[in-house]
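# Chains, contacts and geometry: an overview
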Amino acid sequence: MRRARVPAAIGILAALGLLLFLLPLAGLIVRAPWSQTLAELTDPTTTTALGLSIFCSLSATAIALVLGVPLAMILARTRGTLRNILRALTTLPMVLPPVVGGVALLLAFGRRGLVGSLLYQWSGIQIPFTTAAAVMAETFVAMPFLVIAVEAGLRSLDQRYEEAARSLGAGYWRVFTRVTLPLLRPAIFSGAVLCWARALGEFGATITFAGNFPGRTQTVPIAVYLALETKPEAAITLSLILLVVSIAILVGLRDRWLGV
Amino acid sequence: MTLEAAVRIKRDGFRLDVTLSAAAGETVAVLGPNGAGKTTLLRALAGLEDMEGHVTLDGELLEDTSRGLHVPAERRHAGLVFQDHVLFPHLSVLENVAFGLRARGKPHASATARKWLDEAGLGDRTEALPRALSGGQAQRVALVRALVTEPKLLLLDEPLSSLDVSIRAEVRRELTRQLASFNGVRLLVTHDPLEAMALADRLVVLEHGEVVQSGKPEEVTARPRSRFVADLAGVNLLRGHAHGDHVTVAGDEALAAAGAGEGDVFALIHPRAVALYRTRPDGTPRNVWHGHVDGVDAYGDRVRVRVVGPVPLVAEVTRAAVQELGLSAGTDVWMVVKATEVSAYPA
Amino acid sequence: MAASMLAACGGTSGACALQTSCGVGPVRTTLTVFAAASLQPAFDKIGAQLLTTNNVATTFSYAGTQTLATQLTQGAPADVFASADVAHMTTVQSAGLLHSQSVLFAHNRLEIAVARGNPKHVHSLADLARSGLVVVLADPSVPAGKYAAQALKAAGVTVHPASLEQQVTGVLSKVALGEADAGIVYHSDIVTSGKVDGVVIPDNQNVIADYPIAVLKSAQNQTGALAFVDFVVSTDGQSILRAAGFQGV
């Protein structure tokens with residue numbers, strides 16, 4: 001196949017776009033104190049933050065899958081004004097500054113929040129400053145990415161596959177688990193990856209809603225931010241570790257999810 | 001085992017109102033132009049469309065909107081074969097066929113599916129994914145997938161239209177064989193007259209959401225009752241009012257027709273019965289009209305000449321005649337039809 | 001307005017426009033000040049004053065002192081730096097960024113912030129160790145957090161904070177929102193917040209934060225920068241700082 005030639009202007013702009021991503025990465029790699037990397041890797045602050053980050057981001061992604069896929073299904077089924085309202089609500093965290101999102105979470109689930117106050121009165125449980133709060137903050141910020149991707153997947157799904165399954169005698173759950181979900185797998189996978197990546201990098205909502213405490217709520221981005229002030233080398237190393245871990249998880253998951 | 005259905009569906013700019021019955025052992029083809037509502041009818045029978053009316057299969061009421069009864073698609077025992085097969089792309093051929101068996105909780109689903117695939121000559125494709133199949137193979141898998149659950153009603157949507165022309169004849173023969181071995185009610189819809197004639201024991205012609213004609217294929221084409229059927233049979237069809245030995249058609253033209261009878265009629269004239277002359281012929285024939293050639297289409301050694309005149313007709317002549325008469329678009333001609341060549345039947 | 005002043009100046013020279021002592025009134029100049037977040041209420045007032053008296057329009061960049069110091073060492077352009085501790089001023093000085101020696105212009109005492117009416121009856125640093133009390137501190141990398149740690153050490157108290165906030169305002173807002181029962185902040189934060197009550201920490205346990213200010217070498221408007229620093233240490237400037245809860249020098 002012979003394609004039309006791409007004009008030079010497009011190529012130049014694309015290269016500039018790529019540079020915008022590449023140069024900061026190069027900055028990190030060039031300035032990284034490689035001699036200290038191993039020491040940083042075994043530093044308890046680093047390992048604790050990294051472990052917490054992976055735990056929180058994967059938990060957030062799991063919750064987003066359980067809640068977000070049904071939400072996307074409802075969104076894909078609704079039409080008109082109701083859909084627009086639901087959509088706007090779902091995508092709100094994408095446009096809201098994360099810090100504001102954190103404050104909003106406090107006002108809802110904090111000790112004096114709308115729901116949080118009831119929880120605190122009945123059970124004495126306070127959500128803020130806990131790992132659960134970090135997971136909630138990440139879920140809040142990251143779930144829209146999954147919902148949007150899955151909804152798009154559902155809308156482009158040929159409904160006749162589900163109809164064929166029904167005409168073969170499959171009830172709702174069998175159609176859903178054996179036909180709809182497998183056909184949605186690429187959309188769910190890409191949505192989950194976006195969601196997870198967003199959760200992993202989450203900073204603003206987490207520090208506002210969950211605070212910062214090593215081992216409990218201090219995820220890698222927060223650790224990086226604090227380290228940046230006192231020991232920038234550690235911050236850079238931590239960022240690189242985060243980068244490598246995300247790439248490793250992405251590649252690993254991809255093989256598992258899309259491996260046929 | 002029979003199917004009795006009255007299906008009414010109203011949607012924006014679309015209306016379907018069809019009463020239909022079919023018995024086990026016969027293949028009924030619903031034939032109609034695109035947009036006539038054929039697929040919608042099929043989907044309604046399968047339980048996939050909102051409808052008004054009723055559907056009864058083998059004595060079991062599947063739908064009766066007057067009583068608010070609706071048996072969902074998954075409990076209808078109606079096998080539906082989609083136009084482009086709609087095989088599950090993520091499942092192997094074997095799993096596609098076993099799907100219905102598993103869904104209905106039948107034991108030994110894999111073994112049964114394998115047996116059916118062997119019989120259909122697909123034993124070596126069981127592990128293939130649908131995207132690796134040829135069009136003909138996919139068609140056979142789709143049919144086996146529907147048949148393996150032993151439905152009471154088999155619904156086929158344009159079973160051959162998505163196939164390459166070169167393999168259609170072969171797949172059609174195969175399909176005829178498979179249909180013959182299925183004991184339930186067989187209903188297929190198609191826009192292709194050839195497909196309908198080849199596969200069906202009975203035709204139901206659907207136009208603008210309504211049944212315009214039904215019967216054995218040869219009966220239907222012998223006495224077309226719509227433009228669509230007349231076109232597919234390749235005959236001239238006029239609508240008019242009969243008075244004894246002539247029929248008044250559009251434009252107040254009188255058409256001599258032997259034994260036309262009385263009342264509203266269809267008048268059928270075979271193109272071969274339309275003779276063309278460059279000058280007004282003498283003699284007895286009473287149906288003589290002047291017109292001019294609108295177009296000339298060759299089919300093998302036969303040529304169909306469309307003539308515009310007081311009564312627009314298609315004439316079928318030989319190539320030699322076209323040469324001899326010097327016929328081309330715009331040529332003035334005289335059309336002559338003997339009164340005995342016009343067959344009139346009640347509308 | 002600038003033009004009319006120039007005319008009032010007699011239209012003689014451009015140099016006159018830069019002179020703050022130009023008899024009739026100076027031409028407006030702009031100034032960029034990097035200041036510790038805790039200084040915001042006081043410095044906003046000082047900025048407003050300076051605009052009317054010296055016609056210097058000041059743009060403030062408020063953030064945690066450590067953030068500002070990082071930005072300055074990475075080459076951020078500014079005229080004046082006001083730090084919440086001496087350590088970060090020293091960092092900036094070591095980087096060779098100061099135009100002249102820094103001067104101390106204010107002190108700030110630590111205080112315990114509690115909800116209005118002090119419902120949990122917190123009366124001393126020792127109370128912060130009580131179980132069931134949700135305490136929030138600033139991270140030790142932040143001056144306020146470093147001071148809080150020193151104060152707690154002096155009092156011989158071990159607390160288990162729920163969170164180590166990355167700026168002192170984070171501590172304040174967690175207490176104001178009711179998520180935390182107590183937190184250690186500056187006295188000035190409590191004075192200007194108005195949403196929390198303060199519990200005094202006795203002098204023998206308290207840590208006094210020193211606030212140094214300096215003109216930066218990169219200053220585009222050195223005259224304006226000097227005028228700003230002069231005003232901060234002047235009687236008027238000091239009274240504004242005291243009203244905002246700082247101690248003067």
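Given the structure is predicted, the values throughout are model-derived calculations rather than measurements.

What counts, and where the lines are drawn
Residues take numbers from 1 onward in each chain, read along the sequence in its written order. To label them, take the chains in the order written and letter them from A, then take the ligands in the order written and number them from 1. Local features in a predicted model are, by the rule used here, given only for residues with pLDDT of at least 70; side-chain atom pairs are given and counted only at 80 or more, and totals for whole chains, interfaces and linings are based on all residues. The side-chain figures draw on all heavy atoms in the structure; neither hydrogens nor water molecules are used. Numbering of helices and strands starts at the N terminus; helices are DSSP runs of H or I of at least 4 residues and strands are runs of E of at least 2. Type-normalised accessible area, obtained with a 1.4 Å probe on protein chains alone, sets the label of each residue: buried when under 20%, exposed when over 50%, and partly exposed for intermediate values. Any two residues having at least one pair of non-hydrogen atoms within 4.5 Å are treated as being in contact. Each accessible area is a Shrake-Rupley result for a 1.4 Å probe, and residues are judged covered by the shown protein chains and nothing else. When charges are counted, Lys and Arg contribute as positive and Asp and Glu as negative, whereas His and the chain ends are disregarded. Positions of charges follow a simple convention, taking NZ of Lys, CZ of Arg, CG of Asp or CD of Glu. Take a side-chain nitrogen of Lys or Arg and a carboxyl oxygen of Asp or Glu: if they are within 4 Å of each other, that pair is a salt bridge. The rule for pairing is simple: two strands pair if DSSP sees at least two bridges between them. How far a helix is expected to stretch is found by multiplying one less than its residue total by 1.5 Å. A residue's bend is given by the angle between axes fitted to the 7 residues ending at it and the 7 residues starting at it. Every axis corresponds to a line fitted to the C-alpha atoms, with the helix fit spanning only the stretch in contact, and the corresponding angles, defined between N-to-C directions, vary from 0 to 180 degrees. Orientation labels follow simple angle bins: below 35 degrees gives roughly parallel, above 145 gives roughly antiparallel, 65 to 115 gives roughly perpendicular, and whatever is left gives oblique. Note on convention: the crossing is left-handed when the near helix lies turned anticlockwise from the far helix by less than a right angle, right-handed when the turn is clockwise. Under this grouping Gly is polar, as are all residues other than the nonpolar Ala, Val, Leu, Ile, Met, Phe, Trp, Tyr, Cys and Pro and the charged Asp, Glu, Lys and Arg. For every residue, the predictor assigns a confidence score, pLDDT, that lies between 0 and 100. Take the buried Ala, Val, Leu, Ile, Met, Phe, Trp, Tyr and Cys residues and link them wherever side-chain atoms come within 4.5 Å; each set so joined is a nonpolar core. By buried area we mean how much accessible surface two parts lose on assembly, using a 1.4 Å probe and totalling the loss over both. Polar contacts here mean pairs of N or O atoms no more than 3.5 Å apart (in protein, one a potential hydrogen donor and the other a potential acceptor; neighbouring residues in sequence count only if both atoms are side-chain atoms). Here a pair means two rings of Phe, Tyr or Trp (six-membered ring of Trp) with centres within 6.5 Å. Their orientation is stacked below 30 degrees between planes, edge-to-face above 60, and tilted elsewhere. Any Lys NZ or Arg CZ that is within 6 Å of a ring centre and within 35 degrees of that ring's normal is treated as a charge sitting over the ring.

## A closer look at the overall build of chain A
Looking only at helices and strands, chain A has 12 helices and 0 strands in total. C-alpha atoms of chain A, sized along the principal axes, occupy 65 × 65 × 35 Å. Residues counted as buried form 43% of the 260 residues belonging to chain A. Put simply, of all contacts in chain A between residues at least 6 apart along the chain, 73% involve residues at least 24 apart. Counting every atom, chain A has about 13,700 Å² of accessible surface; 71% of that belongs to carbon and sulfur. Charged side chains in chain A number 21 positive and 11 negative. The centres of these two groups are separated by 9 Å.

## Looking at the overall build of chain B
Counting secondary structure elements, chain B contains 9 helices and 19 strands. The principal-axis extent of the C-alpha atoms belonging to chain B is close to 80 × 50 × 35 Å. Within the span of chain B, comprising 347 residues, buried residues form 52% of the whole. Counted over contacts in chain B with a minimum sequence separation of 6, partners at least 24 positions apart contribute 63%. With the model as given, the accessible surface of chain B reaches about 15,600 Å², and the carbon-plus-sulfur share is 48%. Charge centroids of chain B, computed over 39 positive and 45 negative side chains, lie 3 Å from each other.

## Topic: unusual backbone geometry
Residues and elements named next belong to chain B. Phi at D58 is positive, roughly 55 degrees, even though this residue is not glycine. Position of D58 relative to the elements: it lies in the loop between β4 (52–57) and β5 (60–64). The exposure class of D58 is partly exposed, given its relative accessible area of 36%. Despite not being glycine, H108 shows a phi value in the positive range, around 55 degrees.

## Concerning the side chain of C:Q238
All names here are of chain C. By the element assignment, Q238 lies in helix α10 (residues 235–243). Looking at Q238, the relative accessible area reads 5%, which means it is buried. In contact with Q238, not counting residues within four places along its chain, are F105, V232, V233, G248 and V249.

## With respect to the pattern of salt bridges
Residues and elements named next belong to chain B. Under the definition given, this model contains 31 salt bridges over all chains. For E26, the salt bridge identified is with R202, shortest N-O distance 3.2 Å. One end of the pair, E26, is in the loop between β2 (14–23) and β3 (27–31); the other, R202, is in strand β10 (residues 202–207), and 176 residues separate them in sequence. Comparing E26 with R202, the two get one shared label, buried. We note a salt bridge from K38 to E158, for which the minimum N-O separation is 3.9 Å.

## Some thoughts on the pairing of strand β9 (residues 185–190) of chain B
On any regular strand, side chains alternate: one points to one face of the sheet, the next to the other face. Residues and elements named next belong to chain B. With respect to burial, β9 is a largely interior element, 6 of its 6 residues being buried. Alternating residues of β9 divide into V185, L187 and V189 and R186, L188 and T190, and every residue in both groups is buried. Strand direction decides the pairing type here: β3 and β9, joined by 5 bridges, are parallel. Of the residues in β9, the one forming a bridge with V28 is L187. Pairing analysis gives 5 bridges linking strand β8 (residues 153–157) to β9, with the strands arranged parallel. From the neighbouring strand, D157 faces β9, where its bridge partner is V189.

## What to know about helix α4 (residues 80–95) of chain A
When the terminal C-alpha atoms of α4(A) are compared, their 22 Å separation across 16 residues agrees well with the 22 Å that a helix rising 1.5 Å per residue should span. At A:L89, α4(A) is deflected by roughly 30 degrees, the largest bend along its length, and proline A:P93 occurs up to four residues later in sequence.

## As for the sheet that holds strand β19 (residues 342–346) of chain B
Residue and element names in this part refer to chain B. Strand order in this open sheet of 3 strands is β12-β13-β19, and the pairing throughout is antiparallel. Pairing within the sheet leaves two strands with one partner each, and these edge strands are β12 (236–249) and β19. Taken over all neighbouring pairs, the strand axes of this sheet differ in orientation by 45 degrees on average, direction set aside. In the sheet, β12 pairs with strand β13 (residues 253–269) via 13 bridges, with the strands oriented antiparallel. Counted as the bridge partner of T248 is A254 from β13.

## Some points on the packing of helix α3 (residues 44–77) of chain A against helix α9 (residues 172–200) of chain A
In a pair of packed helices, the angle between the axes and the distance between the axes together describe the arrangement. Residues and elements named next belong to chain A. It is at 9 Å that the axes of α3 and α9 come closest, and there the two elements cross at 135 degrees. Between α3 and α9, the angle is such that the two are oblique. Along this stretch, α3 crosses α9, giving a crossing that reads as right-handed. Every residue of α9 that contacts α3 at S53, S57, L58, A60, T61, A64, L65, V69 and M73 is listed here: Y172, F176, I188, A192, C195, W196, A199 and L200. Taken together, the residues that form the contact of α3 with α9 break down as 14 nonpolar, 3 polar and no charged.

## Focus on the packing of α9(A) against helix α2 (residues 93–103) of chain B
Two numbers describe how α9(A) lies on α2(B): the axes approach to 12 Å, and their chain directions differ by 160 degrees. Relative to α2(B), the element α9(A) lies roughly antiparallel. In this structure, the crossing between α9(A) and α2(B) has a hand that is right-handed. Residues A:R174, A:R178 and A:V179 of α9(A) form the contact with α2(B), whose own contacting residues are B:F99, B:R102 and B:A103. Here the residues of the contact of α9(A) with α2(B) are counted per class, giving 3 nonpolar, no polar and 3 charged.

## Let's talk about the confidence of the model for chain B
Per-residue confidence for chain B gives a mean pLDDT of 90, with 99% of residues at or over 70. ipTM for the predicted complex: 0.82, alongside a pTM of 0.78.

## Re the nonpolar core
Membership of the largest hydrophobic core comes to 68 residues, with the highest contact counts inside it found for C:L39, C:F43, C:F105, C:L128, C:F228 and C:L241. The greatest single-element share of this core, amounting to 6 residues, is contributed by strand β4 (residues 103–115) of chain C.

## As for the pairing of β3(B)
Residue and element names in this part refer to chain B. Of all the 5 residues making up β3, 5 are buried; the element is thus mostly covered by neighbouring parts of the structure. Burial along β3 is two-sided: the face carrying T27, A29 and L31 and the face carrying V28 and V30 are both buried. In terms of strand pairing, β3 meets β10 through 4 bridges, oriented parallel. In the strand pairing of β10, V28 is matched with R202.

## As for the interface of chain B and chain A
The interface is formed by 23 residues belonging to chain B together with 16 residues belonging to chain A. Taken together, both faces of the contact between chain B and chain A bury some 1,800 Å²; the carbon and sulfur share is 62%. The largest share of the area that chain B buries against chain A comes from B:E74, B:H90 and B:F99, three residues that together contribute 28% of it. For B:E74, the salt bridge is made with A:R166, and the minimal N-O distance between the two is 2.9 Å. Our enumeration of links across chain B and chain A arrives at 4 residue pairs in polar contact (both at pLDDT 80 or more). Put simply, the parts of the chain that give the side of chain B that touches chain A at least two residues each are β7 (78–81), α2 and α4 (135–147) of chain B. Of all the elements, α2(B) adds the most residues to the side of chain B that touches chain A, at 4 residues.

## A few points about the packing of aromatic side chains
Within the structure shown, the criterion is met by 15 aromatic pairs over all chains. Each ring, one from C:Y211 and one from C:F246, has its centre 5.3 Å from the other, and the planes form 85 degrees; the classification is edge-to-face. Note that C:Y211 is positioned in strand β9 (residues 208–215) and C:F246 in the segment after α10, a separation of 35 residues in sequence. Both residues of the pair, C:Y211 and C:F246, belong to the buried class. Stacked on the ring of A:F213, the Lys or Arg A:R216 has its end atom at 4.3 Å from the ring centre. The ring centre of B:F88 lies 4.6 Å from the NZ or CZ of B:R145, which sits over that ring.

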